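Structural overview
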Amino acid sequence: MGFARTCSVALVGVEGVVVEVQADLEPGIAAFTLVGLPDKSLTESRDRVRAAVVNSGGDWPQKKLTVGLSPASVPKGGSGFDLAVACAVLGAAERIDPKALADIVMIGELGLDGRVRPVRGVLPAVLAAADAGYEQVVVPECTAGEAALVPGVSVLGVRSLRQLIAVLTDEPVPQEEADEPGRPDPLLAGLSMPGSGVGTGLGGSAHDGQGIDLSEVVGQLSARTAIEVAAAGGHHVMLSGPPGAGKTMLAERLPAILPPLTREEALEVTAIHSVAGMLPPGKSMIDTAPYCAPHHSATMQSLVGGGPGMARPGAVSLSHRGVLFLDEAPEFSGKALDALRQPLEAGHVVIARSAGVVRLPARFLMALAANPCPCGQYRALGGECDCPPATVRRYQARLSGPLLDRVDLRVEVDAVTRNELAGYGPRGESTKVVADRVRESRERAAARFADTPWRTNSEVPGHALRTRWPAAPGALDEAELDLERGFLTARGLDRVLRVAWTVADLAGRDRPFAQDVALALQLRTGISRGVPMTIGAGA
């Protein structure tokens, strides 16, 4: 009787669970049994592993073979267990010393010829292994850079099962034939989810930040101010106006003015995109704010996450630490939009399915763009709107009150005038100038919240702002009056205070004054409060 064990990782959402892969050989009729709640793709590993071992020069044991995946209560799926199963079987057959396998975590799919193919979710899998105390990880060669992002873990990247056997048995490591130059590497196919390529709007930065600049947006002083405040404080923003006014242009330039991700944030974002199969080719870490712009026909599951079996990340998770842009927001289904209420407040999504409960991170900046009516010409200067009043009301009511109450900034975007298009007016600031101001504002907020779990003004509870960081005396009088009149809810008052702190940070003040709160109210309600729609000492 032979026995060997090694380890692999099962992914539950974007978190990993270390799984012990055990192989047991007993005398009897040759058979291969795989137990431990495997799914269809994992059950098929029996045939892949057998062919890979034989084609790698090994002998398949002609005995009763049982492979167990422990803990057996955790659902397991995917092809990433192939490498661990093959090595456990070879250890039980004494081709490899079982002691050499016990403390190694192995992740990778096996081709029938023994090549090790990459799988999605290598980074969260290695993070889980490191948290569990493992120090040695074996991954496919093309994902070694991704795995190496985790500190304190020794990563071995292999291209074939033959190479791994040689390393574990102290034999000369064979050299695998390199692919012809210029030919695509078929092994990289396992890293991408079908339908998530360039131009799908499901991940990455808008146009990858190439060739777009905030200075290209003419006019729209109020909207530009709202975009800057949104980026500085992480506030949600809604742009409403006629078609062609520049709403989409502004939203697409929003990620470029966000500060670069910290290493901790970059690891979070990279782990999510790795699980989803949306890592940019040749890039092991995402260090810029992601941008996700799903089509208005998106389902609730595609927005918040879900799908058959164990839930997968949706658009709110793919835009974690970045921007979720919903163009033509009223055209989204009401069910899908209202599903965003909880992640907007909590910063994460909890999805319960029969296969288990998954918690997915979802702290994003939401940007909405909407036309005022189905034809888009309602209240437009010189526009001829043919929509009946009841149709306009129904169209605008598609965005529910509870959802809009969570949107801090609501700005009317006016149609661009002829003089603005001709360039007679002053040009707007460039992306670099605004991004520098946003970065300085974030640094002020980070210094203020240094001993707290919060990072931006939008995350701080209203009670903490009122007690630990009070505004200037009398600064909130006008906002509190609006609360008494019913123009603001209690949540709305807290959000006005958060925006006021962001305005103060942008202006370099140590706390919000009355003019900062007035600008915050103006940005939220759209009602003029007698302050200019600019950021600075003269605001």
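The coordinates are above.
Residues numbered from 1 in each chain as written. Predicted model: local features only at pLDDT ≥ 70, side-chain atom pairs only at ≥ 80, totals over all residues. Heavy atoms only, no water.

The next subject is the sheet that holds strand β15 (residues 365–370). Within the open sheet, the 5 strands sit side by side as β11-β12-β15-β10-β16. Their pairing is parallel. Since the sheet does not close on itself, it has two edges, and those belong to β11 (291–292) and β16 (409–412), each with one partner. Relative to β16, strand β10 (residues 237–240) is paired through 4 bridges, and the arrangement is parallel. Note that in β16 the partner of serine 240 across the bridge is glutamate 412. (Pairing = 2+ DSSP bridges. Helix = DSSP H or I, 4+ residues; strand = E, 2+ residues; numbered from the N terminus.)

What follows covers the environment of threonine 169. Take threonine 169: it is sitting in the loop between α6 (161–168) and α7 (221–233). Between the C-alpha atom of threonine 169 and that of isoleucine 96, which follows or precedes it by 73 residues, the distance is 6.2 Å. Residues contacting threonine 169, with those up to four places away along its chain left out, are Arg95 and Ile96. (Contact = heavy atoms within 4.5 Å.)

Bringing the state of the cysteines into the picture now. Following the criterion strictly, the structure yields 0 disulfides and no others. Residue cysteine 87 stays outside any disulfide, its sulfur separated by 12 Å from that of cysteine 7, the closest cysteine. Taking the relative accessible area as the measure of exposure, cysteine 87 reaches 0% and is therefore buried. In this structure cysteine 387 is a free cysteine whose sulfur lies 3.7 Å from that of cysteine 375, the closest cysteine sulfur available. Cysteine 387 sits in the buried class, given a relative accessible area of 17%. (Disulfide = S-S within 2.5 Å. Buried < 20%, exposed > 50% of the residue type's maximum accessible area, 1.4 Å probe, protein only.)

Along the chain, the position of arginine 321 falls in the loop between α11 (315–318) and β12 (323–326). If we ignore the near neighbours within four places in the chain, the residues touching arginine 321 are Leu261, Glu265, Glu268, Val269, Ala289, Pro290, Arg363, Phe364, Arg455 and Glu459.

Burial analysis of helix α8 (residues 247–257) places 8 of its 11 residues in the buried class, the great majority of the element. Buried within α8 we find Lys247, Leu250, Ala251, Glu252, Arg253, Leu254, Pro255 and Ile257. Looking at the packing, one finds that the buried side of α8 touches α7, β10, β11, β12, β15 and α17 (431–448).

Here we take up helix α4 (residues 122–131). With respect to burial, α4 is a largely interior element, 7 of its 10 residues being buried. Among the residues of α4, Val122, Leu123, Pro124, Ala125, Val126, Ala128 and Ala129 are the ones counted as buried. Packing partners of the buried residues in α4 comprise β1 (2–12), β2 (15–26), β5 (104–106), β8 (136–140), α5 (144–147) and α9 (263–276). Glycine 133 occupies a position one or two residues after α4 and carries a positive phi of about 100°.

Core analysis: the biggest nonpolar cluster contains 59 residues, and Val237 and Leu523 have the highest contact counts within it. Considering each element in turn, this core owes the most residues, 8 residues, to helix α20 (residues 490–507). Filtering out sequence-adjacent residues up to four positions away, valine 237 remains in contact with Ala226, Ile227, Ala230, Leu365, Met366, Ala367, Leu368, Val407 and Leu409. Core analysis: the next-biggest nonpolar cluster, separate from the first, contains 39 residues, Ala311, Val316, Leu318 and Ala370 among them. (Core = buried A, V, L, I, M, F, W, Y, C linked by side-chain atoms within 4.5 Å.)

What follows covers the pattern of salt bridges. Overall, the coordinates contain 31 salt bridges when judged by the stated rule. Among the ionic pairs, arginine 491 bridges to glutamate 345, the shortest N-O distance being 3.3 Å. In this pair, arginine 491 is assigned in helix α20 and glutamate 345 in helix α13 (residues 341–346), connecting sequence segments 146 residues apart. Residue class for arginine 491 comes out partly exposed when judged on its relative accessible area of 31%. Classification of glutamate 345 by relative accessible area gives partly exposed; the value is 37%. Arginine 439 is the salt-bridge partner of glutamate 443, the closest N and O atoms lying 3.5 Å from each other. Of this pair, glutamate 443 and arginine 439 both sit in helix α17, 4 residues apart, which is roughly one turn of the helix. It is possible to trace a salt-bridge network through shared partners that takes in Glu345, Asp405, Arg406, Asp408, Arg491, Arg495 and Arg524. (Salt bridge = Lys/Arg side-chain N within 4 Å of Asp/Glu carboxyl O.)

On to the packing of aromatic side chains. The description of an aromatic ring pair rests on the distance of the ring centres and on the angle between the ring planes. Enumeration according to the criterion identifies 4 aromatic pairs in this entry. Measuring from centroid to centroid gives 5.6 Å for phenylalanine 32 and tryptophan 60, while their planes differ by 40°, and the two rings are tilted. Taken together, the positions of phenylalanine 32 in strand β3 (residues 31–35) and tryptophan 60 in the loop between α2 (45–55) and β4 (64–70) put the pair 28 residues apart, joining distant regions of the chain. There is no split in this pair, since phenylalanine 32 and tryptophan 60 are both buried. (Phe/Tyr/Trp six-rings, centres within 6.5 Å; stacked < 30°, edge-to-face > 60°.)

By themselves, these are just geometric observations and shouldn't be taken as functional.
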